[in-house]
Amino acid sequence: MVGKRLLIADPDEKSRQALAVLLARWGYQTEIAETSAECLTILSRFEPSIVVIDMAIPTTGGLELVRTLRGEHPGIYCILLATRPALEPALEAIKAGAFDYLDKPIEPLRLRIVLEKISDKIGIQAEVRQLRHKLKEYGAFEGFNGNTPVMQEMFHLIEQVAPSTASVLISGPSGTGKELVAKAIHNLSPRKREPYVAINCSAIPATLLESELFGHEKGAFTGAIARKAGCFEQAHGGTLFLDEITEMPIELQSKFLRVLEERKFRRLGGKEEISVDVRVIAASNRDFQEAIRQRRLREDLYYRLNVFQIETPPLSERAEDIPLIARTFIDRFNKTNHKNIRGIDPHAEILLKSYAWPGNVRELKNTIERAVIVCDGDTITVEHLPPHITATPPRIAGPLPGQREGEQTLAIPIGMPLALVERIMIEKTLEAHGGNKTKAAKTLGISLKTIHNKLHRYRH
Ligand SMILES: Nc1ncnc2c1ncn2[C@@H]1O[C@H](COP(=O)(O)OP(=O)(O)OP(=O)(O)O)[C@@H](O)[C@H]1O
Ligand SMILES: [Mg+2]
């Protein structure tokens, strides 16, 4: 029974017996220890959730025993008892790591309240463990990271839409995780054990796309040497993911729409009508409305697919997630490169967070892969990042009040290490003077020698 095993560590026979009787009445299973050593021995066999400890327990005393227990078994809740009411031991007890402190003789009501508080905590912890376990079992969001509110909102949407058979349209800039969204929807749906078939409409020549989608019979066209099942057929019972849907030839889009409506189709060159049960998810990094205007996407197909729309936000709109995502890539590339890099130093982290990431998560992934390869130590630092990231200050802001027209301003995030601020300032000033060190040094109020030394250090 979770949370119902309790160990009493008390040298006084009478008081521990009275306590054991009381606890048995409340449904606790108890064991008794007379010394600290005995307490530790019983503990490893009995595995209690709670230990009630008398301050006077030989030979260590209660406080020391609590410290030992908290160090070795942090999940166990300790309640300390003392005969003489005193404020000081109470404070000491909490500081040592006890959950609560009670005076002897014990007031049953107070003990009951403390035990109930512990039992609530144990219940919540068990629930959290269970939920974590469930998520792992799903594995749906594995490798798909994001703690920022926008990402959490998106995960929530995915969880909501997944159990239905509704079509989903995913939009968002390149490299923002549209494929991961499609896969997560499939993994969280009742179709998760059925096929997931992905096809990229821009990667397949237009002439071949039709037969890729619907399959063909032997001899349907030159080169069709055998019958082939298309993606629709392969995805039967499961999910079909059409990536870059806006790149599908417009005539094929009408046929595709018809198949979606009728849930039936023929292979190329085939007579037999094949019925399929397929859930369709489609994605594009183009703006759907714009694609309709440009006649890249049929409006009727758009409305047929757009039962539910999910937008993957650009990485720069969730910069707070960058360290988390970067860390998962470090783990991944540590494995493939047999490295043991533990993290990113604060300077490098600030630069990663302030860079604009036009290529989004894909670009971050490549950047981290490169950094892992070039890093010989155990921490990724500024020198492992490519120049376009380190040389770019957070951004060039507009002129400040009172500033002359055309004069540039650096916007530097609060918390950027001074050494880095200095480096950016020197490099940008130098740039502004067309690389003239003498002029740059003069503007910055430092000697030519200092600027030489500093530049030398940055470059080596
Ligand atoms: N939130 C995330 N956490 C971890 N990895 C991510 C995340 N988002 C994307 N990735 C990774 O970034 C890379 C690009 O993601 P994905 O291929 O899903 O992007 P996309 O939106 O489909 O891009 P495109 O429009 O160019 O096809 C993949 O390797 C993917 O695993
Ligand atoms: Mg993609």
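Residues numbered from 1 in each chain as written. Chains lettered and ligands numbered in written order. Predicted model: local features only at pLDDT ≥ 70, side-chain atom pairs only at ≥ 80, totals over all residues. Heavy atoms only, no water.

Some remarks on the domain arrangement of the chain
Item 1. Its domain assignment divides the chain into domain 1 (5-132), domain 2 (149-311), domain 3 (319-390) and domain 4 (400-459).
Item 2. Domain 2 and domain 4 are separated by 52 Å when their C-alpha centres are compared. (Domains from an automatic or database assignment.)

A short note on the pattern of salt bridges
Item 1. Considering all chains together, one arrives at 24 salt bridges under this definition.
Item 2. Residue aspartate 300 is joined to arginine 298 by a salt bridge in which the shortest nitrogen-to-oxygen separation is 2.7 Å.
Item 3. Since its relative accessible area comes to 28%, arginine 298 is described here as partly exposed.
Item 4. Taken together, the salt bridges that share partners define one network made up of Glu217, Arg227, Glu233, Arg267 and Glu272. (Salt bridge = Lys/Arg side-chain N within 4 Å of Asp/Glu carboxyl O. Buried < 20%, exposed > 50% of the residue type's maximum accessible area, 1.4 Å probe, protein only.)

Quick notes on the sheet that holds strand 5 (residues 100-103)
Item 1. Reading across the sheet, the five strands line up as 2-1-3-4-5 and stay open at both edges, with parallel pairing between neighbours. Either end of the sheet is taken by a strand with one partner, and the two such strands are strand 2 (29-33) and strand 5. Direction aside, the axes of adjacent strands within the sheet are offset by 20 degrees on average.
Item 2. Of the pairings in the sheet, the one linking strand 4 (residues 77-82) to strand 5 comprises four bridges and is parallel in character. Pairing of alanine 82 across the sheet is with aspartate 103, part of strand 5.
Item 3. Across the sheet, helix 2 (residues 36-46) is in contact with strand 1 (5-9), strand 2 and strand 3 (50-54); its angle to strand 2 comes to roughly 150 degrees. (Pairing = 2+ DSSP bridges. Helix = DSSP H or I, 4+ residues; strand = E, 2+ residues; numbered from the N terminus. Axes fitted to C-alpha atoms, helices over the stretch in contact; angles between N-to-C directions. Contact = heavy atoms within 4.5 Å.)

Brief notes about helix 18 (residues 437-444)
Item 1. Backbone nitrogen of threonine 438 and a side-chain oxygen of the N-cap are separated by 3.1 Å at the start of helix 18; the cap is asparagine 436.
Item 2. The first or second residue beyond helix 18 is glycine 445, which carries a positive phi of 75 degrees. (Polar contact = N/O pair within 3.5 Å; in protein donor to acceptor, adjacent residues only side chain to side chain.)

Focus: the pairing of strand 2
Item 1. Pairing between strand 1 and strand 2: five bridges, direction parallel. Bridging across to strand 2, leucine 7 finds its partner in glutamate 31.
Item 2. A crossover links strand 1 with its parallel partner strand 2, the connecting element being helix 1 (residues 13-25), and its sense is right-handed. (Right-handed = clockwise from strand over helix to strand, strands pointing away.)

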